[in-house]
Amino acid sequence: MNLWHFYSRNSQEVLGLVGQHLYLVAISTGAAIVIGVPLGVLLTRRPAWRGPVLGMANVFQTVPSLALFGFLIPLPFIGGIGARTAIVALVLYALLPIVRNTYEGVAGVDPAVREAGRGMGMTDWQLLTQVELPLGFGVILAGVRVATVVSVGTATIAAAIGAGGLGVYIFRGVAVVDDTLILAGALPAALMALAADGLLGVAERRFAWRAR
Amino acid sequence: MTKPLEVEGLGYDLPGRGKGERRKSRSLVRDVSFTVGAGETLVLLGRSGSGKTTTLKLINRLLEPTSGEVRVAGERAADLPVTRLRRRIGYVIQEVGLFPHFTVERNVGLVPRLEAWPPARIATRVRELLALVGLDPDTFAGRYPHELSGGQRQRVGVARALAADPPLLLLDEPFGALDPITRVELQREFAALEGRLGKGMVFVTHDVREGLLLGSRIGLMLQGRLTFLGTPDEFRRSDNPECRAFMAAA
């Protein structure tokens, strides 16, 4: 059975899984931005916390994803079987690139620009929102891009703990040794990653002030 | 009439890094006193590390003085909220520090916008200032900093510092990074501008010729202290060894 055949016969299910996959990625990346950007900004204000926080985010990144999903299952509140646990794990993975790039984007603003802003009487909040975040936006977006692309891939493994998504086909295909089935899950996931990469890449170049 | 700037016994100690009693603080600025009247430019001259830039930053509290007092237009700087204080003091630095994502117009209008001036008044003020620093408003208002030459950027920097009409201007080697020809051009224009503006200015430089050209008085700094304070003529004639060292380099 070829791929197109499979898709036309199972179009409803395919769309459902694509939807689930997008949901996992969007929610987790969104949450990682909400947590990661303020955290990254905080690190520029409290440089002493930089090592421990980035170190911890690094540790999450190095845990194999399947193992992380497994570790989370027995935990109360955030654990269990299903999408919630998967989202928690995906957030932990997405955090590092977003926190690190936010820190670097904000800290990388030309010190002369920062000094001029402070010297002219901008408050720290004004400096952050009018100068540092806009100037660091391209770098922050690059972190979001990496996080999104990684999430699309990692989310396929979420199927292992019953969170759904395109990994369902991949795991099923591996179990029954069916290449078409594996491809049916892998191909849309790959396209999704490429699309996210392309779109966010365009946005990133649009905001790369420093390159000018 | 209150003076734009009065500085009395200003000092700044860097806390030591050691532990316990062995911990020694290092003095970057010690017992510096001077006043600057309206229309007057005090040039702070000195070698690198003599404390002139530190003194400047103590005035607008980018560094907090550890001793002494600063009064800006009669008000104690330490008593004012730091952002209010700074909006009353124009600040120009060597690297200019224009916001690269703002047009020239928005850069110059920064402090008025922070002070919530009505937009029409900001626009008028910006055009007035660009003309004052020798930039045609129609040509330059809409440009971004990366579309300007070094000299043009520093002109914008000066216009930005003047925007909210502060009584006092602090300039930290504003022409130091320019090529020699542009530098001389800007120095001449600045000399002409000083009298017209009627502001108090503190101008930091290590270039003695620039200091003699632009200063109504010269303050010479050595190891954190003001070792000489007087008019350019007095400076030329002084037998203070540091003055002589600078004159020899001129």
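Given the structure is predicted, the values throughout are model-derived calculations rather than measurements.

We now examine the overall build of chain B. Counting its regular elements, chain B contains 11 helices and 10 strands. The C-alpha radius of gyration computed for chain B amounts to 19 Å, which stays within 12% of the reference 18 Å derived for 250 residues, consistent with globular compactness. Oriented by its inertia axes, the alpha-carbon framework of chain B measures out at about 55 × 40 × 40 Å. Among the 250 residues that make up chain B, the fraction classed as buried is 51%. Within chain B, contacts between residues separated by at least 24 positions form 68% of all contacts whose residues are at least 6 apart in sequence. When the accessible area of chain B is evaluated, it comes to approximately 11,400 Å², of which 48% is carbon and sulfur surface. Of the charged side chains in chain B, 37 are positive and 30 negative, and the gap between their average positions amounts to 5 Å.

For the coordinates displayed, the defined rule picks out 1 cavity of 30 Å³ or more. What lines the largest cavity is Met120 of chain A together with Arg86, Arg87, Ile89, Gly90, Val111, Arg160, Ala161, Ala163, Ala164 and Pro166 of chain B. Looking at the lining of the largest cavity, the elements that each hand over two or more residues are helix H2 (82-87), strand E6 (89-93) and helix H7 (150-162) of chain B. A class-by-class count of the residues in the lining of the largest cavity yields 7 nonpolar, 1 polar and 3 charged.

Chain-level statistics for chain B give a pLDDT mean of 93 and a share of 96% at 70 or above. Here the complex is predicted with pTM 0.87, and the ipTM for its interfaces comes to 0.87.

Once that is clear, we can look at the environment of glutamine 187 of chain B. Residues and elements named next belong to chain B. Along the chain, the position of glutamine 187 falls in helix H8 (residues 180-197). Judged by relative accessible area, glutamine 187 falls into the buried class, the value being 7%. Sequence spacing of glutamine 187 and histidine 101 is 86 residues, and the spatial spacing of their C-alpha atoms is 28 Å. If sequence neighbours within four positions are ignored, glutamine 187 has contacts with Phe175, Asp207, Glu210, Leu213 and Leu214. A polar side-chain atom of glutamine 187 sits 2.6 Å from a polar atom in the side chain of glutamate 210.

We now examine the sheet that holds strand E1 (residues 5-14) of chain B. All names here are of chain B. Ordered by their spatial adjacency, 4 strands build an open sheet running E2-E1-E4-E5, and the pairing between neighbours is antiparallel. Taken across any chain shown, the strands that pair with only one partner, and hence form the sheet edges, are strand E2 (26-36) and strand E5 (75-76). Relative to E2, E1 runs antiparallel, the two sharing 7 bridges. Within the sheet, the bridge partner assigned to aspartate 13 lies in E2 and is serine 27.

Residues and elements named next belong to chain B. On the basis of which strands lie adjacent, the open sheet formed by 6 strands has the order E6-E7-E8-E3-E9-E10 and mixed pairing. Bordering the open sheet on either side are E6 and strand E10 (225-230), each of which pairs with just one other strand. In this sheet, adjacent strand axes meet at a mean angle of 15° when their direction is disregarded. Lying over the sheet, H8 contacts strand E3 (41-46), strand E7 (168-172) and strand E8 (200-205), oriented at roughly 155° with respect to E8.

A few words on the interface of chain B and chain A. At the interface, 23 residues of chain B touch 18 residues of chain A. Together, the buried faces of chain B and chain A total about 1,800 Å²; carbon and sulfur atoms form 67% of this surface. Of all residues in chain B, the largest losses of buried area upon contact with chain A belong to Arg86, Phe99 and His101 of chain B, amounting jointly to 28% of the total for that side. Residues lysine 57 of chain B and glutamate 115 of chain A are paired through a salt bridge, measuring 3.9 Å at the closest nitrogen-oxygen approach. Among the residues forming the side of chain B that touches chain A, the class breakdown is 13 nonpolar, 5 polar and 5 charged.

What follows is about the environment of valine 133 of chain B. Residue and element names in this part refer to chain B. Residue position: valine 133 is located in the loop between helix H5 (119-132) and helix H6 (137-140). Taking relative accessible area as the criterion, valine 133 reaches 5% and is therefore assigned buried. As a C-alpha pair, valine 133 and glutamate 189 span 56 residues in sequence and 8.2 Å in three-dimensional space. The residues contacting valine 133, other than those within four sequence positions of it, are Arg155, Val158, Ala159 and Glu189.

Right, let's talk about the nonpolar core for a bit. Core analysis: the biggest nonpolar cluster contains 46 residues, and Phe6, Leu24, Leu68, Ala86 and Tyr169 of chain A have the highest contact counts within it. Counting only elements with at least two residues in this core, the list comes to helix H1 (3-9), helix H2 (11-45), helix H3 (50-62), helix H4 (65-72), helix H5 (83-107), helix H7 (124-154) and helix H9 (179-206) of chain A. The element best represented in this core is H5 of chain A, accounting for 13 residues. Among all residues touching alanine 86 of chain A, those that are not within four sequence positions of it are Leu24, Phe69, Ala158, Ile161 and Ala163 of chain A. Within the second largest apolar cluster, 40 residues are counted, among which are Val96, Leu130, Ala163 and Phe246 of chain B.

Here is what the cut-offs are and how they apply
Residues numbered from 1 in each chain as written. Chains lettered and ligands numbered in written order. Predicted model: local features only at pLDDT ≥ 70, side-chain atom pairs only at ≥ 80, totals over all residues. Heavy atoms only, no water. Helix = DSSP H or I, 4+ residues; strand = E, 2+ residues; numbered from the N terminus. Rg over C-alpha atoms; globule rule 2.2 N^0.38 Å. Buried < 20%, exposed > 50% of the residue type's maximum accessible area, 1.4 Å probe, protein only. Contact = heavy atoms within 4.5 Å. Areas by Shrake-Rupley, 256 points an atom, 1.4 Å probe, with all protein chains shown as cover. Lys, Arg positive; Asp, Glu negative; His and termini not counted. Charge placed at Lys NZ, Arg CZ, Asp CG, Glu CD. 1 Å grid on protein atoms, 1.4 Å probe; cavity = no way out; pocket = protein on both sides within 12 Å on 5 of 7 lines; lining within 4 Å. Points joined across faces, edges and corners; volume = space filled by probe spheres on them. Nonpolar A, V, L, I, M, F, W, Y, C, P; charged D, E, K, R; others polar. pLDDT = per-residue confidence, 0-100. Polar contact = N/O pair within 3.5 Å; in protein donor to acceptor, adjacent residues only side chain to side chain. Pairing = 2+ DSSP bridges. Axes fitted to C-alpha atoms, helices over the stretch in contact; angles between N-to-C directions. Buried area = accessible area lost by both parts, 1.4 Å probe. Salt bridge = Lys/Arg side-chain N within 4 Å of Asp/Glu carboxyl O. Core = buried A, V, L, I, M, F, W, Y, C linked by side-chain atoms within 4.5 Å.

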